[in-house]
Amino acid sequence: MKYALLQDGLRYWRQQDPQRTALVLDDIERLSYEELGRWSDGIAEELQRPGVKPGDNVGITGANSLPWLPAAYGALKAGATLVPYNDRFVKDEFEYLLQVTEPRIVIADTPRATLLQSLATPPALLA
């Protein structure tokens, strides 16, 4: 099996040792490779439903949290180019960066989704 992409490492460990801890957040929340794999598979499917295809830009923004990594892996599994946005961006910064990066969809947590929906031209959102 050839490994060339970031998500290939996730697939490898999911097959080799699915219950091994893949992610620990603040020494409280944990995800196994199997859980991370299943969660990111679901996000990839959610992104493909509205038409995300390989090569499309997918934005992601949100506070440091457990869902951020499965969302990022989900975008990569969908074949998208991941475009991370700082969760501290203000309205003007988001408006500019959305024009420059042209994401097909933006994955956002609730506070950022609310901000993005208030833009003159809000992006398609997966919140």
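Residues numbered from 1 in each chain as written. Predicted model: local features only at pLDDT ≥ 70, side-chain atom pairs only at ≥ 80, totals over all residues. Heavy atoms only, no water.

Enquirer: Any details on the pairing of strand E5 (residues 105–108)? Residues and values, ideally.
Expert: Burial along E5 is two-sided: Ile105 and Ile107 facing one way and Val106 and Ala108 facing the other are all buried. As paired elements, E5 and strand E6 (residues 125–126) share 2 bridges and run parallel to each other. For Val106, the partnering residue across the bridge sits in E6 and is Leu125. For the crossover from E5 across helix H5 (residues 110–117) to E6, the handedness is right-handed. (Buried < 20%, exposed > 50% of the residue type's maximum accessible area, 1.4 Å probe, protein only. Helix = DSSP H or I, 4+ residues; strand = E, 2+ residues; numbered from the N terminus. Pairing = 2+ DSSP bridges. Right-handed = clockwise from strand over helix to strand, strands pointing away.)

Enquirer: Any details on unusual backbone geometry? Residues and values, ideally.
Expert: The phi dihedral of Asp26 falls on the positive side, at around 55°, and the residue is not glycine. Along the polypeptide, Asp26 turns up in the loop between strand E1 (21–25) and strand E2 (29–32). Residue class for Asp26 comes out exposed when judged on its relative accessible area of 62%. Here the phi dihedral of Glu102 falls at roughly 45°; this positive angle occurs in a residue that is not glycine. Mapped onto the fold, Glu102 is located in the loop between helix H4 (91–101) and E5.

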